[in-house]
There are 2 protein chains.
Amino acid sequence: MNQSDKTWSVSPGGESFPLPLPEEYPGEFERLQQIVQEQRSLGREIVVVMGLGFVGAVMAGVVADSVDRDTGKPMKFVIGMQRPSVRSYWKIPLFNRGIAPVEAEDPEVVPLIDRCVNKKKTLMATYTDDVLSLADVVVVDVQCDYFKECLGNVREGHAEIAALEDSLRILGEKIRPECLVLIETTVPPGTTEYIAYPIIKKAFEKRGLKDAEPLLGHSFERVMPGREYVASIRDFWRVCSGINDTARERVRKFLSDILNVEKYPLTVLDRPIESETCKIVENSYRATLLAFLDEWSLFAERNGVDLIKVIQAIKVRPTHSNMIFPGPGIGGYCLPKDGGLGVWSYRTLMGYDDEIFRLTPMAIDINDTRALHAAELVRDALRNMGKIVAASKIAILGASYREDVGDTRYSGSEILVRKLTEMGAEISVHDPYVQHWWEFEKQESYPATGHSWSRFFRNQERLSELRISKDLGEALDGSDAAVLAVRHQLYLSLTPDDIVRMAGRPIAVVDCFGILYDEGIRRFIELGCEVKGLGRGHIRRIKDQVQKR
Amino acid sequence: MNQSDKTWSVSPGGESFPLPLPEEYPGEFERLQQIVQEQRSLGREIVVVMGLGFVGAVMAGVVADSVDRDTGKPMKFVIGMQRPSVRSYWKIPLFNRGIAPVEAEDPEVVPLIDRCVNKKKTLMATYTDDVLSLADVVVVDVQCDYFKECLGNVREGHAEIAALEDSLRILGEKIRPECLVLIETTVPPGTTEYIAYPIIKKAFEKRGLKDAEPLLGHSFERVMPGREYVASIRDFWRVCSGINDTARERVRKFLSDILNVEKYPLTVLDRPIESETCKIVENSYRATLLAFLDEWSLFAERNGVDLIKVIQAIKVRPTHSNMIFPGPGIGGYCLPKDGGLGVWSYRTLMGYDDEIFRLTPMAIDINDTRALHAAELVRDALRNMGKIVAASKIAILGASYREDVGDTRYSGSEILVRKLTEMGAEISVHDPYVQHWWEFEKQESYPATGHSWSRFFRNQERLSELRISKDLGEALDGSDAAVLAVRHQLYLSLTPDDIVRMAGRPIAVVDCFGILYDEGIRRFIELGCEVKGLGRGHIRRIKDQVQKR
């Protein structure tokens, strides 16, 4: 066997797996045929999940874990499918041992996959797309990213729909015409009808299936990274649609079989473009709510207002309870891109030449660049201590995009690190949840998002050596500034005395997420620190009080 | 007595009251002094409410109705104060009879005022500002409008702060230095510290009170027109602040005495600019949430999506439950102006030259012009029936800005009527809650908002004759188009057959507020009507289905 790099795939745990050779495929398919035949004889529906990423892997587990409501017996057999690549092939052998190929804070993920693979025996994975020909249902969880040409102008960019189109082409070649194809990926509105339908219809025609109408449906996920990950798929409201009456009814039935629809009723919409739009609107809504506070954050800083207290005062109103302070930026996989998919669809798939979108793209632009202002606060706090960024060591506390998860995709901290590095800072990072900050470790092709912000900044070379420290003291030791960037539980309980002791001297402190109470701010100032914070215009007042005494 | 128009004030009910003559003022003040002396001897605090408008009148009632939590006895005596003008003087004699000077859907308003004036005897009104010298607390409910120079560009405009400044000047001249001044008006952030404080401080100095520090506080109302009006003042969360420790504590105590703070705890913020900003942020937030859907509404119309169903599907998420379809525009007194007060403050009171506000003013601009697109739909629906707006009679169903209230301030329907009139339409209007559409009846100075949109449109002369019909059949009779503009209960239960019968023929129907279910749309089409709707792109699909049959 050729042992060159190209044919091995290495898991994050360091285990190497040889990629399958062409001559292994027929055997794999025969094995699958046999398994499927057995499963069919048990009355089970064969479900293939395409794409074993963040969503697909857990969705496969949820489907495989589902049972008939009357008999309590499993009625689905699930095969996860991932085409073999150096980057991802390792997922398949691990999956087949019952090991979840995704890291998750949710303690339910590991036992779910283990249970379905090893106990219930309703779940497996394969690398051959021939498996599609055996499916009754295919769930498509292939990524569709949005590529931004600029930082702060989401209109300049495009949906990266090629991988999805490839998958759809293969589907058209392989599936039986009566197979239901359920697209779960968040896609530009219109994708099911304007991209998937013609691709599969034409493939059917090429196969001589002239009268076969592709049975296409769309139902987006609403997964939320964190400790409720599985529940966010299974125990949450779903929206679905089908391209015609048959497809719509098949989708409704399939989702009703696998999800907790009694407690979280399903919404069935007429057309795929309606459910596709639904996902884009709901995430753009949230992106807009968050972006809205950016300008008020600046207003607050400049005019003596503590926006954190203002938001607390507003949030008591039930109609305003979803107001959230935006921190140093809005990350996660969805909010930075979904609005872009909408804007792109209107122009590209729908063919309109005018610009009807004003708030949706502006919100993304504001969110994407918010961290640049956090860097300004670091600069100004250092300046007040007679220092400059270029000659400073800056400790970033928190790398993830959200509190108490290890997900770093598009986090505000990333932009902050890039900007401060561009300005010449030496950066150390601490995060209790993040093992690998892939965005820096493998800039060309990290698994999370596919492309990197690094191209928008200079001086980024040094960052390939950036490692996340698990030791807060190590990260803070000798630093000139500390940035409180994420509301991780650990940081909420840190005291100013802790931080100054670990740093070894008074430092500049920048609170990006309303982490410091007024007493904390006061204590930092008493200890000789310079404190600034996003949206925290009252710090000057506290400083005056301390200095008056 | 001179009986010329200038010295009489006529109530909406038609009763005429002579304005007080200069020689009557001393007597009125003596009477007040006597009353106040009696009330003080009962241990009661003297509260003067300046401004008996929408908020002040009911606030006066709420204060007068409050009792000591231990003894159950009234501890405040309230005097409503309104300077006598032809437009408003009638409020005072009516108030003193126990008649509420505001129309309200809330059945609690009328008995509240009656009870306090006639039974508890804790409430009265006067026209002389000398009463201010007798006050322990003055609550300022003087309007502060925002004047827009253009339609659709809120940046071009200014806060109309002159009336408030006048009131503050009088306060500075009259009040005792230990009197607490609580500003309840929604004001540009900074008003209490940057406008009120210097005015009153200088007036004190002029009076020789060199060391007296004005006791200023700010606490905005969150009133909501409708059936819960009184509760929205008394039984709702309040935010307050004071200009120094004494003022802050006095405000906290005063509000705790009169409001249901046990169930709805008070938020005490440090500085007036923080509570002033709070109000502007919370209303701008809501304006932005609503504006956000405008572009998606257009996307939906053009691409076969029913945005109403999409919103219903999204609203099931608790984090998104405040999503509301914006209808033909966003009216009411607050949402169209409050963001403008913020933008104006930043530039004018705070003295900044840059533009940090992007979403806040854009949201208002979008909301202010949304009704223009509703007019486009009317035009297009008529065109599909071979008609033009200029030769059509158009019935507008709903004049108020919100369902099931009679408040027409800045309603989307107003802009729609103005635009269709500009295009030459003949307009009829029905609304079960609105007696007078003041915006048209007295264009130069109607009581609601002080200035009129009429200047942005041509052809508005005819509108001075516009009257609201209480008879739906009369409004619809012979019309070419009907616009469902407000979600009034009555309209939700109308059937297409009803409407077509009342119109006397198939008409163009434009649904501005997601009022029609799909069956209603289908029935209208079956009856030969042309149907369009804001955000309702699926109507074309229903039409195709009907025509295929």
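What counts and how
- Residues numbered from 1 in each chain as written.
- Chains lettered and ligands numbered in written order.
- Predicted model: local features only at pLDDT ≥ 70, side-chain atom pairs only at ≥ 80, totals over all residues.
- Heavy atoms only, no water.
- UniProt positions renumbered as here; feature names shortened; annotations may be inferred.
- Phe/Tyr/Trp six-rings, centres within 6.5 Å; stacked < 30°, edge-to-face > 60°.
- Lys NZ or Arg CZ within 6 Å of the ring centre and 35° of its normal.
- Least-squares fit on C-alpha atoms with pLDDT ≥ 70 in both.
- Contact = heavy atoms within 4.5 Å.
- Buried < 20%, exposed > 50% of the residue type's maximum accessible area, 1.4 Å probe, protein only.
- Helix = DSSP H or I, 4+ residues; strand = E, 2+ residues; numbered from the N terminus.
- Pairing = 2+ DSSP bridges.
- Axes fitted to C-alpha atoms, helices over the stretch in contact; angles between N-to-C directions.
- Buried area = accessible area lost by both parts, 1.4 Å probe.
- Salt bridge = Lys/Arg side-chain N within 4 Å of Asp/Glu carboxyl O.
- Polar contact = N/O pair within 3.5 Å; in protein donor to acceptor, adjacent residues only side chain to side chain.
- Nonpolar A, V, L, I, M, F, W, Y, C, P; charged D, E, K, R; others polar.
- Domains from an automatic or database assignment.

As annotated in an unreviewed UniProt entry, chain A is UDP-glucose 6-dehydrogenase from Syntrophus aciditrophicus. Looking at chain A in UniProt, the text filed under Sequence similarities (unreviewed entry) is "Belongs to the UDP-glucose/GDP-mannose dehydrogenase family."

1. Examining the packing of aromatic side chains
If you walk through the whole model with that rule in mind, you get 32 aromatic pairs over all chains. An aromatic cluster is defined as three or more aromatic residues linked by ring pairs; in this entry it consists of Trp296(A), Phe299(A), Tyr346(B), Tyr352(B) and Phe357(B). Here the guanidinium or amino end of Lys148(A) rests over the ring plane of Tyr410(A), the centre of that ring lying 5.9 Å away. The positively charged end of Arg370(A) is found above the aromatic ring belonging to Phe325(A), 5.3 Å away from the centroid.

2. Brief notes about the relation of the copies chain A and chain B
Mapping chain A onto chain B is achieved by rotating through 180 degrees and translating by 0.0 Å along the same axis, at an RMSD of 0.0 Å. Put plainly, the chains are arranged around a two-fold axis. Here 100% of the contact residues of chain A are again contact residues in chain B; the copies associate through an equivalent surface.

3. Here we look at helix α10 (residues 307-315) of chain A
The buried fraction of α10(A) amounts to 7 of the 9 residues, a majority that puts the element mostly inside the structure. Taken as a whole, α10(A) has its buried residues at Leu307(A), Ile308(A), Lys309(A), Val310(A), Ile311(A), Ala313(A) and Ile314(A). Buried residues along α10(A) sit in contact with α9 (272-302) and α18 (518-526) of chain A together with β11 (239-242), β12 (267-269) and α9 (272-302) of chain B.

4. Examining the sheet that holds β12(B)
Residues and elements named next belong to chain B. Reading across the sheet, the 8 strands line up as β5-β4-β3-β6-β9-β10-β11-β12 and stay open at both edges, with mixed pairing between neighbours. Both outer strands of the open sheet, β5 (123-126) and β12, are each paired with one neighbouring strand and no more. Put simply, the sheet's adjacent strands are angled 25 degrees from each other on average, direction ignored. Where strand β3 (residues 45-50) lies against strand β4 (residues 76-81), 6 bridges are found, and the strand directions are parallel. Bridged to Glu-45 within β4 is Lys-76. Along the sheet, helix α5 (residues 162-174) contacts β3, β6 (137-140) and β9 (180-183); its crossing angle with β6, the most-contacted strand, is approximately 170 degrees.

5. Side note on the pairing of strand β7 (residues 145-148) of chain B
All names here are of chain B. What you see with β7 is no split at all: Asp-145 and Phe-147 on one side and Tyr-146 and Lys-148 on the other are buried throughout. Of the pairings in the sheet, the one linking β7 to strand β8 (residues 157-160) comprises 4 bridges and is antiparallel in character. Paired with Asp-145 across the strands is Glu-160, a residue of β8.

6. Structural notes on the interface of chain A and chain B
Of the residues lining the interface, 61 residues belong to chain A; the matching set on chain B comes to 61 residues. Across the chain A to chain B interface the summed buried area is about 6000 Å²; carbon plus sulfur atoms make up 68%. Joining chain A to chain B, the criterion identifies 8 salt bridges. When the shortest N-O distance is used, the salt bridge between Arg317(A) and Glu282(B) registers 2.6 Å. Taken together, the connections running from chain A to chain B amount to 33 residue pairs in polar contact (both at pLDDT 80 or more). When residues of the side of chain A that touches chain B are traced back to their parent elements, those giving at least two are β12 (267-269), α9, α10, α11 (338-348) and α12 (359-384) of chain A. Considering each element in turn, the side of chain A that touches chain B owes the most residues, 21 residues, to α9(A). Residues belonging to the side of chain A that touches chain B are distributed by class as follows: 33 nonpolar, 13 polar and 15 charged.

7. A closer look at the environment of Leu359(A)
Positionally, Leu359(A) belongs in helix α12. Not counting the four nearest positions on each side in its chain, Leu359(A) is found in contact with Thr288(A), Thr288(B), Ala291(B), Phe292(B), Glu295(B), Leu359(B), Met362(B) and Ile366(B).

8. Side note on the sheet that holds strand β17 (residues 508-511) of chain B
Residues and elements named next belong to chain B. Here 6 strands make up an open sheet; going across it, the order is β15-β14-β13-β16-β17-β18 and the pairing parallel. The strands lining the two open edges of the sheet, one partner per strand, are β15 (468-469) and β18 (530-533). As judged from the 5 bridges shared by strand β13 (residues 393-397) and strand β14 (residues 426-430), these two strands associate in the parallel manner. Within β14, the residue paired with Ile-394 across the bridge is Ile-427. In this fold helix α12 (residues 359-384) packs onto β13, β16 (481-484), β17 and β18, with an angle of close to 160 degrees to the strand it touches most, β18.

9. Brief notes about the domain arrangement of chain A
Residue and element names in this part refer to chain A. Domain boundaries in chain A define domain 1 (5-142 + 170-274) and domain 2 (293-332 + 370-548). The C-alpha-based centres of domain 1 and domain 2 are spaced at 39 Å. Each side of the interface is counted separately: domain 1 has 7 residues, and domain 2 has 11 residues. Summed over both sides, the interface between domain 1 and domain 2 buries roughly 690 Å², with carbon and sulfur atoms accounting for 52% of that surface. When the buried surface of domain 1 facing domain 2 is broken down by residue, Arg-87, Glu-105 and Pro-225 rank first, second and third, together holding 58% of it. Summed over the shared surface of domain 1 and domain 2, the result is 2 residue pairs in polar contact (both at pLDDT 80 or more). Residues belonging to the side of domain 1 that touches domain 2 are distributed by class as follows: 3 nonpolar, 1 polar and 3 charged.

10. Description of the pattern of salt bridges
Residues and elements named next belong to chain B. Under the counting rule described, the total for this entry stands at 99 salt bridges over all chains. Across the pair Arg-238 and Glu-184 runs a salt bridge, and its minimum N-O distance is 2.5 Å. With a gap of 54 residues between them, Arg-238 in the loop between α7 (229-234) and β11 and Glu-184 in the loop between β9 and α6 (191-206) connect regions that are remote in the sequence. In this structure, Arg-238 and Glu-184 share a single accessibility class: buried.

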